[in-house]
Amino acid sequence: MTTWPDIPYARWRPTGASLHMWSQIVGKFRLALTPWMNHSWHAVLYLTPRGLTTSTIPGADAQYEVRFDFIDHHLTIDVSNGQSAILPLEPMPVADFNKAFRAALKGLGAPTKFDALPNEVPAPKAFREQGEPGAYDPEAARDFHLAALAIDTVFKRFRTGFLGKSSPSHLFWGSRRPSIRAASPRYQTTSRARPIPTKYRRRAFGRGAAASMSPASTLMLIRPLMGLRTQMLSPPLPIGPTP
């Protein structure tokens, strides 16, 4: 991709607000069923040529995948037994999307018990109580998707030169940010935040690197929902060998 779509924030904001809540509902379904991974990598969404996906979600009797399609503008739930359900992406209250999604899951025999409150928003209100009219502009959703694909390409190229532990490119649905994480087994950052106890670092980075691993350097380079401004969240910090 050689061009980036123009995403005026005023046009994108209402659709972005809807997708923020809708993706949280879908993400919480994945979160409830997927075994835990360090850095919460079990909860994220991934980009596809058509939108976003949960990837395969393990269930007790079947596997599931939920996909946002920003080309044909629908949500698809696929089940490993061959069943599927399709929901339209169109203007609707968050409560209506939540109800329709859970009803579709129930009709497919999928679990419907998962967290009912959004994360990383002020004064969170249960999804079922968010009855205010919701927006969905297909062009705004498509432009966001094209921008996210461009960001994904940048992240993957950036990650290629890093020889330490790194994550796939993914989207955290809580704070609406695409990101990758990279951590070196030989060096640590000087953190301005509270230090992370060694026992938690060991859990996060695995047995092979536990002896020398430090807190990960989180690289969140671009925030497209704020007008596609490219930024580093903090300036480079001094590094040194792990004691």
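Criteria and cut-off values
Residues numbered from 1 in each chain as written. Predicted model: local features only at pLDDT ≥ 70, side-chain atom pairs only at ≥ 80, totals over all residues. Heavy atoms only, no water. Buried < 20%, exposed > 50% of the residue type's maximum accessible area, 1.4 Å probe, protein only. Helix = DSSP H or I, 4+ residues; strand = E, 2+ residues; numbered from the N terminus. Pairing = 2+ DSSP bridges. Core = buried A, V, L, I, M, F, W, Y, C linked by side-chain atoms within 4.5 Å. Contact = heavy atoms within 4.5 Å.

Caption draft 1: Here's a closer look at the pairing of strand 5 (residues 74-79). Among the six residues in strand 5, five count as buried, and that is most of the element. Sheet topology note: the strand 4 (residues 63-69)/strand 5 ladder contains six bridges and is antiparallel. Bridged to arginine 67 within strand 5 is threonine 76. Hairpin remark: strand 4 followed by strand 5, antiparallel, with four residues in the connecting loop; positive phi at histidine 73, about 60 degrees. For strand 5 and strand 6 (residues 84-88), the ladder comprises five bridges, and the chain directions are antiparallel. By the bridge assignment for strand 6, aspartate 78 is matched with serine 84.

Caption draft 2: Layout of the nonpolar core. Of all hydrophobic cores here, the largest spans 40 residues; its most connected members are Trp22, Phe29, Phe68, Leu75, Phe97 and Phe101. When contributions to this core are tallied by element, the ones reaching two or more residues are helix 1 (9-33), strand 4, strand 5, strand 6, helix 2 (94-107) and helix 3 (138-160). In contact with phenylalanine 68, not counting residues within four places along its chain, are Trp22, Ser23, Val26, Arg50, Gly51, Leu52, His74, Leu75, Leu89 and Phe97.

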